[in-house]
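Residues per chain are reported as follows:
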Amino acid sequence: MIPAEFQPEGPLQRALNRLDRLNWTMGGAFLWVSNLCLLAMLGLTAATIALRPMSLAPYWMWPWTMVFFIWLSFFGFFALYARLKDVRVDFVAERLGAAGMVATRIISDAATLLVAGVLLLQLPKVIATSNGIYDGAILPAGGELPRLALSVPLFLSTVLVALTALLDIAKLAAGMPENVTDHHPEA
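The sections below set out a description of the structure shown in this document.

Rules used in this analysis
Residue numbers here run from 1 along each chain, matching the order of that chain's written sequence. For this predicted model, a pLDDT threshold of at least 70 governs which residues receive local features, and a threshold of 80 or more governs which side-chain atom pairs are given and counted, while totals over whole chains, interfaces and linings are taken from all residues. With hydrogens and water stripped out, all remaining heavy atoms of the structure feed into the side-chain values. Only runs of H or I of at least four residues qualify as helices and only runs of E of at least two qualify as strands under DSSP, and these elements are numbered from the N terminus. Residue count minus one, scaled by 1.5 Å, sets the expected span of a helix. Summary of the burial criterion: residues with accessible area below 20% of their type's maximum are buried, those above 50% are exposed, and those between are partly exposed, where the area comes from a 1.4 Å probe applied to protein chains only. Contacts are assigned to residue pairs that have any heavy atoms within 4.5 Å of one another. We call two strands paired when DSSP finds no fewer than two bridges between them. One side-chain nitrogen of Lys or Arg within 4 Å of one carboxyl oxygen of Asp or Glu is enough to make a salt bridge. Think of each axis as a best-fit line through the C-alpha atoms, taken over the contacting stretch in the case of a helix, with angles from 0 to 180 degrees between the N-to-C directions. Every angle not falling under 35 degrees, over 145, or within 65 to 115 is termed oblique; those three ranges are roughly parallel, roughly antiparallel and roughly perpendicular. Handedness of a helix crossing follows the sense of rotation of the near helix relative to the far helix, less than a right angle counterclockwise being left-handed and clockwise being right-handed. Any residue outside Ala, Val, Leu, Ile, Met, Phe, Trp, Tyr, Cys, Pro, Asp, Glu, Lys and Arg is labelled polar, Gly included; the first ten of those are nonpolar and the last four are charged.

**A look at helix 4 (residues 97-121)**
Working step 1: Compared with an ideal rise of 1.5 Å per residue, which puts 25 residues at 36 Å, helix 4 spans 36 Å between its outermost C-alpha atoms and is within 8% of the ideal.
Working step 2: Buried residues of helix 4: Gly100, Met101, Arg105, Asp109, Thr112 and Ala116, and no others.
Working step 3: Of the surrounding secondary structure, the elements contacted by the buried residues of helix 4 are helix 2 (61-82), helix 3 (90-95) and helix 6 (148-173).

Shown next as structure tokens:
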């Protein structure tokens, strides 16, 4: 989050600060969803291991474990980025001073937007090729999970990551500091 000592001055900074806090909260929600997917994976895997010797492990457990793994990765994509758990190499930027920190902030946001743009350009192709069902991922109503449902979290996370980068660029333009976790420039 924005360092505690920063106080938004004008209406634009207050609005950006509110958006930033909302983004942080959504990152936390996606983190919870990722953790629930992990818990479901672990539960299904444990049940499969425990039930297999008794020939009681249903076939659908393995496909749903894979679905939860995919969703864990895709929901986690935004959660890690929004909650500042991505890889950062601040020690290099710190050696370049304040200008280095601004430059790496801009480069990071630009690279993020480039990668997000490439992923989003694939959306029409993914939709066109995601026909049918994910075999064995049986739904409570008896049908099987549509293949397209596997990609929805990826594209949702990608859009949110791109919006996070755009928000950071807007914050930079408004003179607001970058979000940090335990970054202490005075150290």
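**Some details on unusual backbone geometry**
Generally, phi is negative for residues other than glycine and the peptide bonds are trans, each holding for most cases.
Working step 1: Phi angles above zero are rare outside glycine, and Ser55 is one such case at about 55°.
Working step 2: One non-glycine residue, Leu84, lies in positive phi territory at about 60°.
Working step 3: Along the chain, Leu84 turns up in the loop between helix 2 and helix 3.

**Notes on the pairing of strand 1 (residues 133-138)**
Working step 1: In this structure, strand 1 lies alongside strand 2 (residues 144-146), joined through 2 bridges in antiparallel fashion. Opposite Ile138, over in strand 2, you have Glu144 as the bridge partner.

**Quick look at the pattern of salt bridges**
Working step 1: By the definition in use, this model includes 2 salt bridges.
Working step 2: Asp20 is the partner of Lys171 in a salt bridge, and the nearest nitrogen-oxygen pair spans 3.2 Å. Remark: Asp20 occurs in helix 1 (residues 11-51) and Lys171 occurs in helix 6; sequence separation between them is 151 residues. Of the two residues examined, Lys171 and Asp20, each falls in the buried class.
Working step 3: With its nearest N and O atoms 2.9 Å apart, the salt bridge here joins Arg105 to Asp168. Of this pair, Arg105 sits in helix 4 while Asp168 sits in helix 6, and the two are 63 residues apart along the sequence.
Working step 4: Taking relative accessible area as the criterion, Arg105 reaches 7% and is therefore assigned buried.

**What about the packing of helix 1 against helix 2?**
Helix-helix packing is described using two parameters, namely the angle between the two axes and the distance between the axes.
Working step 1: Direction vectors running N to C along helix 1 and helix 2 enclose 155°, while the axes themselves pass 8 Å from each other. Comparing the axis directions of helix 1 and helix 2 gives the class roughly antiparallel. You can see that helix 1 and helix 2 cross each other, and the crossing is left-handed.
Working step 2: Of the residues belonging to the contact of helix 1 with helix 2, the class tally is 22 nonpolar, 7 polar and no charged.

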